[in-house]
Amino acid sequence: MTPSSPSLRRLLFSGRHPLATHHHLRCRHSLSASAPAAGAYAATPSPSRDRAARLAAAVHGAAAAKNFAHAVRLTKSLVQASSSPGRSPASTAPTSAGAAFAALASTSTSPAPALGVLVIALCQMRLLDEALSVFRRLRTLPELPACNAILDGLVKARRFGYAWELFDEMLSRGMVPSVVTYNTLINVCRHQGDVTKAQEVWDQMVGRQIDPNVVTYTTMICALCEEGCIGDAERVFGAMKEAGMQPNLYTYNVLMSSHCQRRDVNSAFVLYQELLKSGLVPNAVIFTTLIDGFCKVKRFGEAKEMFLDMPRFGVAPTVPVFNSLMDGAFKSGNAQKALAVYQEMSSHGLCPDEFTCSIVVRGLCDGGQIQVAARFLEGARQSGANLNAGAYNALIDEYCKNGNLEEALATCTRMTEDGIEPNVVSYTSLIDGYSEVGNTQMAMAIYTEMVAKGIQPNVVTYTALIRGHAKNGGLDAAFRLHKEMIEKGVSPNAITVSVLVDGMCRENRAQDAVRFVMEYSGMEYNDLHSFFSNSSAEEDHLIPNGVIHMTLIYGLYIDSQHYEAVHAWLCLECHDALC
C-alpha cells in the first residue's frame with residue numbers, strides 16, 4: 001500500500017458510528033424488470049447485410065488490435081446501419097441492437113471482445129436497456145471497460161439500485177474492479193446523498209490495493225460539499241495535494257462554489273489564487289462562480305474586477321456572468337449599473353436568456369421602479385425574448401404589494417396569453433394581495449382555481465389565506481384552513497402560528513392563544529404564569545420564536561392582562577439573555 005492511499009475512515013470519520021458492510025447497504029432491485037427480454041434480440045435481417053457484415057468484421061479487427069476507440073465508432077455505425085429506415089432510433093433500438101449482436105456473433109469464432117465493445121457503444125448511445133440485454137446474453141463477463149460503461153450508464157440514468165445490484169453480480173462473475181469502477185460507485189453514493197457509504201466504498205477500494213486518483217478525490221469532495229461537510233471536504237482536498245495529485249479546475253470549482261454558497265467568498269478567492277499559482281488557467285465556470293459569489297455578498301466592485309480580468313485569460317464572458325453582475329448591481333442598490341451591464345451584454349452579441357429578464361424585472365421592482373419594470377417586460381415580450389414565469393411573478397408580486405390588484409390580474413392574464421402558465425408563486429402573490437385588502441372571497445376564488453388546475457398550495461399560500469381570514473374576523477375559517485393544510489401534509493411554520501395567535505388576540509382570546517402556542521411547543525398547559533416561566537428555560541428548544549412571543553404579549557396587553565404582559569416581557573428578556 002502506498003502512502004497516497006489513506007483510509008478515509010482514518011482521514012475523516014474517526015469516532016463515528018461503525019459502518020455496516022457494503023453488501024447490506026445495497027438497495028435490492030430486479031434488473032430483469034429494467035431490460036428487454038433476450039428474445040427481443042432475435043436476429044433480424046438487416047436491409048444491408050453486406051455492409052453489416054463488413055462493419056462487423058472491421059469491429060472484430062479493431063477489437064483484436066485493442067484499438068477500442070475505433071472499434072466503438074465502428075460499432076455505433078453498425079447499430080445505426082441495422083436500424084429500420086424511416087423510423088425513430090428509439091423505436092428501432094431493440095431491433096437494431098439485436099441485429100448488431102447477431103452480425104458480430106456470426107462473423108467470428110471468438111466474438112466476446114467485439115460484443116463487449118457493443119455494450120460500450122450502446123451505453124454511449126444512451127441505449128442502456130439494450131446494453132443490459134446484450135450483457136445478459138454474454139456467457140462470459142465482458143472486459144472491464146464494458147462493465148464500467150454499464151455501471152456509469154446506470155448512474156447517468158439515476159438507476160442507482162440497479163447499479164449496486166449489477167456490481168454485486170459482476171463481482172460474483174469474477175470482475176476485478178478498477179479505480180474507474182470505484183469512482184463510479186462513489187458517484188452513486190454522492191447522488192444518493194450518503195457520504196458514509198461513500199467512505200465505505202473508498203475504504204473497500206484501498207483495501208484492494210487500488211490507489212485513488214484525481215477523479216476519486218474530486219468526487220468525494222463533491223459528495224461532501226453537497227452534504228454541507230465543507231470541513232471534511234477541505235481535509236480530503238489537503239490529503240489529495242499531500243498525495244502529490246494536482247487538483248483540476250473542477251476540483252477547485254466544487255470547493256469554491258461550496259464556499260460561495262455559504263457566503264464565504266474570501267475562502268473561495270484564496271482557492272482561486274492557489275489555482276493560479278498552480279499553473280491552471282481559469283475558465284468561464286470559475287469566473288462565474290467567483291463573480292456570483294461576490295455579487296451575493298454585495299461586493300459588486302470586486303465582481304466587476306473579476307469580470308474585467310476574464311480577457312487576460314482568453315475567457316469570453318457568458319450570459320450567466322452578465323446575469324450575476326446584473327443581479328449583484330441591483331442588490332447593491334445600483335439599478336443604473338445593472339442596466340448598463342444589460343446593454344453591455346447586448347454589445348457582446350449575447351442574447352438574454354429567461355433568467356436575464358427575471359433578474360431585471362425583479363431588480364427594478366425591488367428598487368421601486370415598477371413602471372420601468374412593466375415597460376421593460378412589455379418590450380421583452382414584443383421583441384420575442386426568452387421569458388419565464390419569474391419575470392411575470394416579480395411584477396405581479398409588486399403590483400399586489402402596492403395594492404394594484406387590477407394590474408396584477410392583467411399581468412397574470414398576459415402571462416397566460418404568452419403561453420406561460422401561472423405557478424404556485426403567481427397564485428400565492430394574488431391570494432396574498434386580495435387577503436391583505438380584506439377581500440377573502442376573491443382570495444378563496446383564486447385558491448379554488450389554483451387547486452382545480454392541479455397546482456399544490458404551499459405553506460406560504462395557506463399562511464396568506466389564513467392571515468386574510470384571521471385579520472378580517474374569519475377566525476373559524478382560518479382554523480379550518482389550518483386543519484386542511486396539515487391534512488394535506490403541509491407543515492405550518494412560525495409565521496402561520498403567529499398569524500393565528502394574532503387572530504385570537506384580536507378577539508381577546510389571549511388564554512386560547514397561549515394554549516394554542518403551548519400545544520405547538522409540546523408543553524402541557526396550566527396557566528399563563530407557568531407558560532412564560534417555562535418558555536424562559538434555556539434547554540427548551542421548542543419555544544416559539546420572538547414574533548409569536550411578542551404577539552402574545554401584545555394580545556395580553558389589549559386584553560387588559562397587564563401584569564401577565566409585563567411578566568411575559570421580563571421572561572422574554574431573560575430568555576434572550578440566556579441565549
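Residues numbered from 1 in each chain as written. Predicted model: local features only at pLDDT ≥ 70, side-chain atom pairs only at ≥ 80, totals over all residues. Heavy atoms only, no water.

Caption draft 1: Representation of the overall build of the chain. Summing up its helical and strand segments, the chain has 31 helices and zero strands in all. By residue count, 49% of the 579 residues in the chain fall in the buried class. Taking the intrachain contacts of the chain between residues at least 6 apart in sequence as the baseline, contacts between residues at least 24 apart amount to 62%. (Helix = DSSP H or I, 4+ residues; strand = E, 2+ residues; numbered from the N terminus. Buried < 20%, exposed > 50% of the residue type's maximum accessible area, 1.4 Å probe, protein only. Contact = heavy atoms within 4.5 Å.)

Caption draft 2: Spatial organisation of the packing of aromatic side chains. According to the stated counting rule, one finds ten aromatic pairs in the structure shown. With a centroid separation of 6.0 Å and 50° between ring planes, the pair formed by Phe287 and Phe313 is classed as tilted. You can see Phe287 sitting in helix α15 (residues 284-296) and its partner Phe313 sitting in the loop between α16 (300-309) and α17 (319-331), a full 26 residues away along the chain. With a relative accessible area of 0%, Phe287 lands in the buried category. Assessed through its relative accessible area of 21%, Phe313 is described here as partly exposed. Look at Phe307 and Phe322: their rings are 5.3 Å apart centre to centre, the planes differ by 65°, and that puts the pair in the edge-to-face class. One end of the pair, Phe307, is in helix α16; the other, Phe322, is in helix α17, and 15 residues separate them in sequence. Considered together, Phe307 and Phe322 belong to a single accessibility category, that of buried residues. (Phe/Tyr/Trp six-rings, centres within 6.5 Å; stacked < 30°, edge-to-face > 60°.)

Caption draft 3: Layout of the environment of Tyr342. Within the secondary structure layout, Tyr342 lies in helix α18 (residues 335-347). A residue is classified by how much of its surface remains accessible, and Tyr342, at 16% relative accessible area, is buried. Between the alpha carbons of Tyr342 and Asn323 there is a distance of 8.3 Å; along the sequence they are 19 residues apart.

Caption draft 4: Structural view of the confidence of the model for the chain. Across the chain, the average pLDDT comes to 82, with 79% of residues at or above 70. Between the elements of the chain, mean pLDDT differs from a low of 49, seen in helix α31 (residues 562-578), to a high of 96, seen in helix α14 (residues 265-277). Counting interchain partners and residues more than four positions distant, the pLDDT-below-50 stretch residues 14-47 has 69 contacts. Confidence drops under pLDDT 50 across residues 572-579; counting only partners more than four residues distant or on other chains, this segment forms eight contacts. (pLDDT = per-residue confidence, 0-100.)

Caption draft 5: View of helix α13 (residues 249-261). Look at α13: 18 Å from first C-alpha to last across 13 residues, which is about the 18 Å you get at 1.5 Å a residue. Taken together, the buried positions of α13 are occupied by Thr251, Tyr252, Asn253, Val254, Leu255, Met256, Ser258, His259 and Cys260. Contacts made by the buried residues of α13 are with α11 (214-226), α12 (230-242), α14 and α15. Capping the start of α13 is the job of one residue whose side-chain oxygen sits 3.1 Å from the backbone nitrogen of Tyr250: Asn248. Phi turns positive one or two residues past the end of α13, at Arg263, with a value near 65°. (Expected span 1.5 Å × (residues − 1). Polar contact = N/O pair within 3.5 Å; in protein donor to acceptor, adjacent residues only side chain to side chain.)

Caption draft 6: Just the packing of helix α25 (residues 459-471) against helix α27 (residues 494-506), in detail. Contact geometry of α25 with α27 gives a least axis separation of 9 Å together with a crossing angle of 5°. Taken together, the axes of α25 and α27 lie roughly parallel to each other. Every residue of α27 that contacts α25 at Val459, Thr463, Ile466, Arg467, Ala470 and Lys471 is listed here: Ile495, Thr496, Val499, Leu500, Gly503 and Arg506. Considered class by class, the residues forming the contact of α25 with α27 number six nonpolar, three polar and three charged. (Axes fitted to C-alpha atoms, helices over the stretch in contact; angles between N-to-C directions. Parallel < 35°, antiparallel > 145°, perpendicular 65-115°, else oblique. Nonpolar A, V, L, I, M, F, W, Y, C, P; charged D, E, K, R; others polar.)

Caption draft 7: Geometry of unusual backbone geometry. Phi at Arg158 is positive, roughly 60°, even though this residue is not glycine. If you check the backbone angles, Arg263 has positive phi at about 65° while not being a glycine. Considering the arrangement of structural elements, one finds Arg263 in the loop between α13 and α14. The class of Arg263 is exposed, set by a relative accessible area of 52%.

Caption draft 8: Structural view of the pattern of salt bridges. For the coordinates displayed, the defined rule picks out 21 salt bridges. One connected set of salt bridges, linked through shared partners, spans Arg362, Asp366, Asp397 and Lys401. (Salt bridge = Lys/Arg side-chain N within 4 Å of Asp/Glu carboxyl O.)

Caption draft 9: Region of interest: the nonpolar core. Judged by nonpolar contacts, the single largest core of 164 residues is most densely connected at Leu118, Ile150, Ile221, Ile291, Leu325, Val361 and Leu395. Take this core: its biggest share by element is nine residues, from helix α5 (residues 112-124). Those residues in contact with Leu395 that sit more than four places away from it in its chain are Val361, Cys365, Ile370, Ala373, Ala374, Leu377 and Thr411. (Core = buried A, V, L, I, M, F, W, Y, C linked by side-chain atoms within 4.5 Å.)

Caption draft 10: Structural context of α5. Helix length check: α5 (13 residues) gives 19 Å between terminal C-alpha atoms against 18 Å at 1.5 Å per residue, within 8%. With ten of 13 residues buried, α5 lies mostly within the body of the structure. Inspection of α5 places Ala114, Leu115, Gly116, Val117, Leu118, Val119, Ile120, Ala121, Leu122 and Cys123 among the buried residues, and these make up the whole buried set. Downstream of α5 by a residue or two, Arg126 has a phi angle that is positive, lying close to 65°.

Caption draft 11: Focus on the state of the cysteines. Across all of its chains, the model carries zero disulfides by this definition. Free cysteine: Cys229, not disulfide-bonded; nearest cysteine sulfur from Cys225 at 8.8 Å. Among the cysteines around Cys400, which has no disulfide bond, Cys412 carries the closest sulfur, lying 9.2 Å off. (Disulfide = S-S within 2.5 Å.)

Caption draft 12: Spotlight on the environment of Gln199. By the element assignment, Gln199 lies in helix α10 (residues 195-207). Residue Gln199 is classed as buried on the basis of its relative accessible area of 3%. Along the primary structure Gln199 and Ile186 are separated by 13 residues, whereas in three dimensions their C-alpha atoms are 8.2 Å apart.

Caption draft 13: Focus on the side chain of Thr251. As for its placement among the helices and strands, Thr251 is situated in helix α13. Given the relative accessible area of 0%, Thr251 is considered buried. Within the local environment of Thr251, its side chain forms a polar contact with the side chain of Thr218, the two groups lying 2.7 Å apart. Sequence-distant contacts of Thr251, defined by excluding residues within four places in its chain, comprise Val214, Thr218, Ile221, Phe237 and Met240.

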